[in-house]
Amino acid sequence: MTARRVTRRNLLLGTAALGTLLARRASAFGEKSRFIPAVARHGGTWDTRLSGLRRIAWELQRRTSVEVLPEARPFELSSPELFEYPFLYFGGEGSFPPLKSAEVENLRRYLTFGGFMLADANDGSDGDGFDASFRRELARILPQSPLTDVPSAHVVFKSFFLLDAAPGRFLNKPQMMAATLGKRAAVMYSQNDLAGAWSRGEGGDYEFDVTPGGEPQRELAIRVGINLLMYALCLDYKDDAVHLPIILNKRR
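The structure displayed is predicted, hence computed values, not measured ones.

Visitor: Outline the overall build of the protein, supporting the account with residue identities and numerical values.
Guide: Secondary structure assignment for the protein yields 7 helices and 7 strands. Along the protein, helices (α) and strands (β) appear in the sequence α-β-α-β-β-α-β-α-β-β-β-α-α-α when read from the amino end. Going through the 252 residues of the protein one by one, you find that 53% of them count as buried. For the protein, contacts bridging at least 24 residues in sequence account for 75% of all contacts bridging at least 6.

Written out as structure tokens, the structure is:
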């Protein structure tokens, strides 16, 4: 019998089957057999980068062989449906109020059971605004996993493209930060507004200028996004599908 490949999606669905709230969903893959970005709905301004998430999902399908639905699906952080999505985007502009206890607990379980969260300071803040609120809440969610710098040798910088920095709409911080559980980065955090660099308006034009590097920096931000999505979809890049020809056959 062929062993089932271990991915974040399989891990999340398998774990969810153990809970009474989640068991009824574990066998209902449907459209969720394709990648769909989940978006955290919180009490602040959380929805300004939905077009960016749709765009990076589209880029993932264009540049790899991962099947996607180019959507961005908002969820309350207390929702059991989070466990059906291996990737959660938590962004915002400005500060936001504390999460409810049920949201903190559900998000802790999601991350512990194998989920991945990308946090993104859309306001490029450092010490105030979104940055201050997110750091406060992450300390509640994963108190034993403080944020640390992501080294340039981390697998996220070679999960698809070979990179050595993580620019977004801004280049406030050359690298991301991560909160780890064991050897796995459960949360990665950018203060550079990654999704702002991905966002396009309805007319097809990019919504925001990228500084200081312009369009070359935007392309790097897209590549960072592809790498992050690939990291979210696979647990072990040395052994998993990321290195198979079927995934790499569109690599540029």
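Still to come is the rest of the account.
Visitor: Let's hear about the side chain of His-154: which residues, and what values?
Guide: With respect to the secondary-structure elements, His-154 resides in the loop between strand E5 (148-149) and strand E6 (177-181). Side-chain polar atoms of His-154 contact the backbone nitrogen of Val-156, separated by 3.0 Å. Not counting residues up to four positions away in its chain, the partners in contact with His-154 are Ala-185, Met-188 and Tyr-231.

Visitor: Let's hear about the packing of aromatic side chains: which residues, and what values?
Guide: For the structure on display, the rule yields 14 aromatic pairs. Taking 6.0 Å as the distance between ring centres and 80° as the angle between the ring planes, the aromatic pair formed by Phe-83 and Tyr-110 counts as edge-to-face. One end of the pair, Phe-83, is in the loop between strand E2 (73-76) and strand E3 (87-92); the other, Tyr-110, is in helix H3 (residues 101-112), with 27 residues separating them in the sequence. For the pair shown, Phe-83 and Tyr-110 are each scored as buried. Seen from their ring centres, Phe-96 and Phe-130 are 5.6 Å apart, and the 45° between their planes marks the pair as tilted. Of this pair, Phe-96 sits in the loop between E3 and H3 while Phe-130 sits in helix H4 (residues 129-141), and the two are 34 residues apart along the sequence. Here the two residues Phe-96 and Phe-130 agree in accessibility, since each one is buried. Taken together through their ring pairs, the aromatic side chains of Phe-90, Phe-96, Phe-130, Phe-134 and Tyr-189 make up a single cluster. Here the guanidinium or amino end of Arg-136 rests over the ring plane of Phe-96, the centre of that ring lying 5.8 Å away. The lysine or arginine in question, Arg-218, covers the ring of Tyr-206, its NZ or CZ lying 3.9 Å from the ring centre.

Visitor: Could you give an account of the nonpolar core, with specific residues and numbers?
Guide: Within the largest apolar cluster, 40 residues are counted, with the highest numbers of intra-cluster contacts made by Leu-60, Phe-87, Met-176, Met-188, Trp-198 and Leu-228. Elements with a contribution of two residues or more to this core: helix H2 (50-63), E3, strand E4 (116-121), strand E7 (184-190), helix H5 (194-198) and helix H6 (214-233). Those residues within four positions of Met-188 in sequence are excluded, and the remaining contacts are Phe-116, Met-117, Leu-118, Ala-119, His-154, Val-156, Met-176, Met-177, Ala-178, Leu-228 and Tyr-231. If you look at the next biggest cluster of nonpolar residues, it comprises 31 residues, including Phe-130, Leu-138, Leu-142 and Tyr-189.

Here is what the cut-offs are and how they apply
Residues numbered from 1 in each chain as written. Predicted model: local features only at pLDDT ≥ 70, side-chain atom pairs only at ≥ 80, totals over all residues. Heavy atoms only, no water. Helix = DSSP H or I, 4+ residues; strand = E, 2+ residues; numbered from the N terminus. Buried < 20%, exposed > 50% of the residue type's maximum accessible area, 1.4 Å probe, protein only. Contact = heavy atoms within 4.5 Å. Polar contact = N/O pair within 3.5 Å; in protein donor to acceptor, adjacent residues only side chain to side chain. Phe/Tyr/Trp six-rings, centres within 6.5 Å; stacked < 30°, edge-to-face > 60°. Lys NZ or Arg CZ within 6 Å of the ring centre and 35° of its normal. Core = buried A, V, L, I, M, F, W, Y, C linked by side-chain atoms within 4.5 Å.

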